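Residue strings, one per chain:
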Amino acid sequence: MSTPKYVERFARLPKVFERLQRHPDGLPLEELAADFDISVPALREELLAFYTADIGGRWLLTRPEVLEFLGPDGDTEDPGTAGIVRIVAEVPADIGVEYVDAGELGLAYTAALALLETEPDNEELGQAIDVLTETMFGPSAAAGGPTPSVPSWNRLLPVFREALSAGRAVRIVYSRAWHPGVTEREIEPYQLVQTRRGWEVDAGPADDEGRLRTFLLSNIRSAEIVDRSFTAPDDVAQRLAEQRATTRVRVLLPQSARWAADFYAEQVTLVQDDEEDVVVDLELLPPVERRVGRLLLASGPLATVIDPPELDSAGVVLAEELMVHHSS
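In the annotation of an unreviewed UniProt entry, the entry for the protein chain reads Proteasome accessory factor C, and the organism field reads Nocardioides aromaticivorans.

Here it is in structure tokens:
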């Protein structure tokens, strides 16, 4: 899996700002994008994500005026169309995380920890996580002080890697993702997949309809390799591909909820963007209705499903189910 979008952003933005600081008159976006081997629209999106960030709310903090977007005549221009960008104030060293929406920050922290599992010797990534930790939990945590009360979402990854390698079944205690309750079962791990949500394991045995199951490592309370070997089905690759086939859903989200699209979808395609809202096409894994319901609840009352329209009630349905469950 490629490096998650927000991890890439944290690695790139400080370098972009460093480059701009060497050019006080600014640089054309085309030249700057070429320097970092990305497209102009992608660079503009990252700069705008920083430029428009505002912590606000009860913290009463706002973004400092750091970037200025200019037209060819040197006058200030709409950041969405301007061809030149320049630094107008000193950029703090930790600019990559200080001015990111809290939802994006939490998602990036999760993604970075998951990525570190596959790149344990990546010193730059480790330093980025230290900055994230200090931003979220204070300097003492990043400096080796008391460890924050953060769950170790990937602590069971070595267990499943060993089980996969040995072809052994695993007994798990699992907090179900889409329905209330905790179950205990014995599974046959067929593949590990790193997603934006962290690590997931696709496993059998298949049910009566031939379907496999996907389990979030973050929801597995305990896992123990058992003394039973298994052989994956001959068509396991095809079954896994079918299980991870996505459905496209178009949604309108407030800008503050863009992080939810990245969290719940396997792929996000920008359709329309303005100051208040964004329209995106999401590629969603099954169960689609449940994922849409959670996305709508996380995104707030202004979030709307545009297509297919029958999914627009998914958030209300899920909210009613949760109310019934928690009131019983």
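That was the structure; now back to the text.
What to know about the overall build of the protein chain
Assigned secondary structure in the protein chain consists of 12 helices and 12 strands. Across the 328 residues that make up the protein chain, the buried fraction comes to 41%. Considering only contacts in the protein chain between residues 6 or more positions apart, those separated by 24 or more positions represent 59%. When the accessible surface of the protein chain is totalled, it reaches about 17,600 Å², and 50% of it is carbon and sulfur.

Concerning unusual backbone geometry
In this model, Gly204 is joined to Pro205 through a cis peptide bond whose omega is 0°. Even without a glycine there, the phi angle at Asp37 is positive, about 55°. Along the chain, Asp37 falls in the loop between α2 (29-35) and α3 (40-51). Its relative accessible area of 71% is what places Asp37 among the exposed residues.

Quick word on the pattern of salt bridges
Inspection of the entire model under this criterion finds 14 salt bridges. A salt bridge links Asp227 to Arg168; its shortest N-O distance comes to 3.8 Å. With Asp227 in strand β8 (residues 220-229) and Arg168 in strand β4 (residues 168-175), this residue pair connects regions lying 59 residues apart in the sequence. A salt bridge links Glu186 to Arg228, with the shortest nitrogen-to-oxygen separation between them at 2.6 Å. A residue pair is termed long-range when its members are at least 10 positions apart, and Glu186 in strand β5 (residues 182-195) and Arg228 in strand β8 qualify at 42 residues. Look at Glu186 and you get partly exposed, because its relative accessible area is 30%. Taken together, the salt bridges that share partners define one network made up of Arg171, Glu186, Glu188 and Arg228.

Thoughts on the sheet that holds strand β10 (residues 267-273)
Within the open sheet, the four strands sit side by side as β10-β11-β9-β12. Their pairing is antiparallel. Each edge of the sheet is formed by a strand with only one pairing partner; in this case those strands are β10 and β12 (304-307). Shown here is a sheet whose adjacent strand axes are inclined to one another by a mean of 30°, direction ignored. The strands touched by helix α11 (residues 288-299) within the sheet are β9 (247-254), β11 (277-284) and β12, with β9 carrying the most contacts at an inclination of about 10°.

Section: a negative patch on the surface
Taken together, Asp78, Asp274, Glu275 and Glu276 make up a surface patch of like negative charges. As for its placement among the helices and strands, Glu275 is situated in the loop between β10 and β11. For Glu275, a relative accessible area of 77% translates into the label exposed.

A look at the nonpolar core
Val249, Leu253, Leu282 and Val292 are the most contacted members of the largest nonpolar core, which totals 19 residues. Sequence-distant contacts of Leu253, defined by excluding residues within four places in its chain, comprise Ala261, Glu276, Asp277, Val278, Val280, Leu295, Ser299 and Ala303. Counting 17 residues, the second largest nonpolar core, distinct from the first, contains Leu157, Ala163, Phe215 and Ile220.

Considerations on the sheet that holds strand β2 (residues 67-70)
Taken together, the three strands give an open sheet; going across it, the order is β1-β3-β2, and neighbouring strands pair in antiparallel fashion. Two strands bound the open sheet, and with one partner strand each, they are β1 (27-28) and β2. Here four bridges tie β2 to strand β3 (residues 84-87), and the two strands are oriented antiparallel to one another. Of the residues in β3, the one forming a bridge with Leu70 is Ile84.

So, the side chain of Ser175
Relative to the assigned elements, Ser175 resides in strand β4. Among the residues examined, Ser175 registers a relative accessible area of 18% and is labelled buried.

Some remarks on the side chain of Ser299
Within the secondary structure layout, Ser299 lies in helix α11. Engagement of the side chain of Ser299 in a polar contact is seen with the backbone oxygen of Leu295, the distance being 2.7 Å.

About the cut-offs
- Residues numbered from 1 in each chain as written.
- Predicted model: local features only at pLDDT ≥ 70, side-chain atom pairs only at ≥ 80, totals over all residues.
- Heavy atoms only, no water.
- Helix = DSSP H or I, 4+ residues; strand = E, 2+ residues; numbered from the N terminus.
- Buried < 20%, exposed > 50% of the residue type's maximum accessible area, 1.4 Å probe, protein only.
- Contact = heavy atoms within 4.5 Å.
- Areas by Shrake-Rupley, 256 points an atom, 1.4 Å probe, with all protein chains shown as cover.
- Salt bridge = Lys/Arg side-chain N within 4 Å of Asp/Glu carboxyl O.
- Pairing = 2+ DSSP bridges.
- Axes fitted to C-alpha atoms, helices over the stretch in contact; angles between N-to-C directions.
- Patch = residues over 30% accessible without salt bridge, like charges linked within 9 Å, V, L, I, M, F, W, Y side chains within 5 Å.
- Lys, Arg positive; Asp, Glu negative; His and termini not counted.
- Charge placed at Lys NZ, Arg CZ, Asp CG, Glu CD.
- Core = buried A, V, L, I, M, F, W, Y, C linked by side-chain atoms within 4.5 Å.
- Polar contact = N/O pair within 3.5 Å; in protein donor to acceptor, adjacent residues only side chain to side chain.

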